[in-house]
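Understanding the architecture of this molecule
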Amino acid sequence: MDNGNAKNNGNNQVAPPLRLLIVGQKRTGKSSVGNTILGRDAFNTWGGANSAVAHGESEGRQLMLMDACGWGTNENLVPKHEKLELFNALSLCEPGPHILLLIIPLLFFSHSEKAALQKRMEILTEGVWRHTMVVFTLGDRLRDYSIQDHIQTAGKDLQWLMEKCRYRYHVLNNKMPQDRQQVSGLLDRAEDMLMENGGWHFSLHMYCRLEEEWSRREREMKERILERQDGVCKTSRGLAVVPNRSQKGGLHVNDTQVKLVYHG
Ligand SMILES: Nc1nc2c(ncn2[C@@H]2O[C@H](COP(=O)(O)OP(=O)(O)OP(=O)(O)O)[C@@H](O)[C@H]2O)c(=O)[nH]1
Ligand SMILES: [Mg+2]
């Protein structure tokens, strides 16, 4: 575990930088978000650039920022080059980003944008959502209404996204990079998320293995239930599940009263 807390940790050792991976559709303001956070023009904003990395200090934190190449609009499949770009961006921040900043402009979030986003996030496994914060760009559009108004009135697709991210979001106005309060607010939120995640960073490899492990256990459990329906179900720990004919105590599996007996 590395906690990515860039502040002095009390032992006069400077902890590793907070690693932030910026992802989202093309032309949504990803590079501008990186520049606003770092307070300088670290990433170019003329469009179509490859994934890039920049290091720096911002609001008292050491940061490592990865600006991933933007994804397209195909909502049925993710083109191979986009998958490779996504993996490339991940590899730029080995052992993995602490937080993914998912960039969404403060415009109408359409159903096809949602579908395209969902397809890309699926590649990163369900576990990625624990590490994901939505960053709304075009914050300068919020004048007579609040971000809460925007979320409430934007429809079910944005609602879905908010639920996936557990309402972890932040608004940035990249036309006001001198407003450092908006940046410190974002970094505070990112550090809170890191704490909630026990200091763990996102690792595709780890979550893929976890998903494999969960499906293996699910398979095993189904097999055991099938075996039990044949009579006796042996478990790997020397326990057997047998029908409980005395009807006293015991557990219920599929409406049958059973008891556990040790056969080791
Ligand atoms: N008004 C306003 N414009 C913004 C904001 N953020 C980004 N932009 C503009 O949106 C355009 C795209 O910004 P980029 O940061 O290059 O977007 P990107 O997602 O990195 O684009 P690609 O790398 O081409 O995918 C630029 O013209 C920015 O100036 C914002 O908060 N407000
Ligand atoms: Mg860019």
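Calculation rules
- Here the residue numbering is sequential within each chain, running from 1 through the sequence in written order.
- Chain letters start at A and ligand numbers start at 1, both assigned in the order the entries are written.
- Under the rules for a predicted model, residues below a pLDDT of 70 receive no local features and side-chain atom pairs below 80 are neither given nor counted, while totals for whole chains, interfaces and linings still include all residues.
- To form a nonpolar core, buried Ala, Val, Leu, Ile, Met, Phe, Trp, Tyr and Cys residues must be joined through C-beta atoms within 7 Å.
- Residues with at least 20 neighbouring C-beta atoms inside 10 Å of their own are called buried, those with 12 or fewer are called exposed, and the rest are partly exposed, where every C-beta is derived from the backbone.
- The helix count covers DSSP runs of H or I at least four residues long, the strand count covers runs of E at least two residues long, and both are numbered beginning at the N terminus.
- Each residue is represented by a C-beta atom placed from its backbone, and any two residues with such atoms within 7 Å are regarded as in contact.
- Residue-level confidence of the predictor is what pLDDT reports, using numbers from 0 through 100.
- The rule is simple: place the C-beta atom from the backbone, and if it lies within 6 Å of a molecule or strand, the residue is near it.
- DSSP calls a pair of strands paired once it identifies at least 2 bridges connecting them.
- For every element, the axis is a line fit to its C-alpha atoms; helices are fit only across the contacting stretch, and the angle between N-to-C directions ranges from 0 to 180 degrees.

Let us look at the nonpolar core. One broad trend across soluble globular proteins is that nonpolar side chains are buried collectively. Residues Leu 20, Leu 21, Ile 22, Leu 101, Leu 102 and Val 135 are the most contacted members of the largest nonpolar core, which totals 39 residues. Put simply, the parts of the chain that give this core at least two residues each are β1 (18-24), α1 (30-38), β3 (61-67), α2 (80-92), β4 (99-105), β5 (132-137), α5 (156-164) and α6 (180-196). Residue contributions to this core peak at 6 residues, all from β4. Other than its neighbours up to four places away in sequence, Leu 20 contacts Leu 63, Leu 65, Pro 97, His 98, Ile 99, Leu 101 and Ala 190.

Once that is clear, we can look at the confidence of the model for the chain. On average, residues of the chain score 86 in pLDDT, and 82% of them are at 70 or above. In the model, residues 249-255 has pLDDT below 50 throughout and makes 10 contacts with residues more than four positions away in sequence or in other chains.

This part covers the site of ligand 1. The local shell around ligand 1 holds 19 residues, among which Gly 29, Ser 31, Ser 32, Thr 45 and Gly 70 are the closest. At 3 residues, the largest contribution of residues to the shell around ligand 1 is made by α1.

It is worth spelling out unusual backbone geometry at this point. The omega torsion across Glu 94 and Pro 95 is 0°, close enough to zero to call that bond cis. Looking at the secondary structure, you find Pro 95 in the loop between α2 and β4. The residue Thr 125 is not glycine, and still its phi comes out positive at about 75°. Assignment of secondary structure puts Thr 125 in the loop between α3 (111-123) and β5. Positive phi is not limited to glycine here, since Arg 166 has a value of about 50°. Within the secondary structure layout, Arg 166 lies in the loop between α5 and β6 (169-171).

Okay, the pairing of β1 next. Counting buried positions over the 7 residues of β1 gives 7, a clear majority of the element. As judged from the 5 bridges shared by β1 and β4, these two strands associate in the parallel manner. The residue of β4 that forms the bridge with Ile 22 is Leu 101.

Reading across the sheet, the 6 strands line up as β2-β3-β1-β4-β5-β6 and stay open at both edges, with mixed pairing between neighbours. Because the sheet does not close on itself, it has two edges, and the strands there are β2 (52-58) and β6. The average angle at which neighbouring strand axes cross in this sheet is 25°, direction not considered. Packed onto the sheet, α6 meets β1, β2, β3, β4, β5 and β6 and runs at close to 165° relative to β5.

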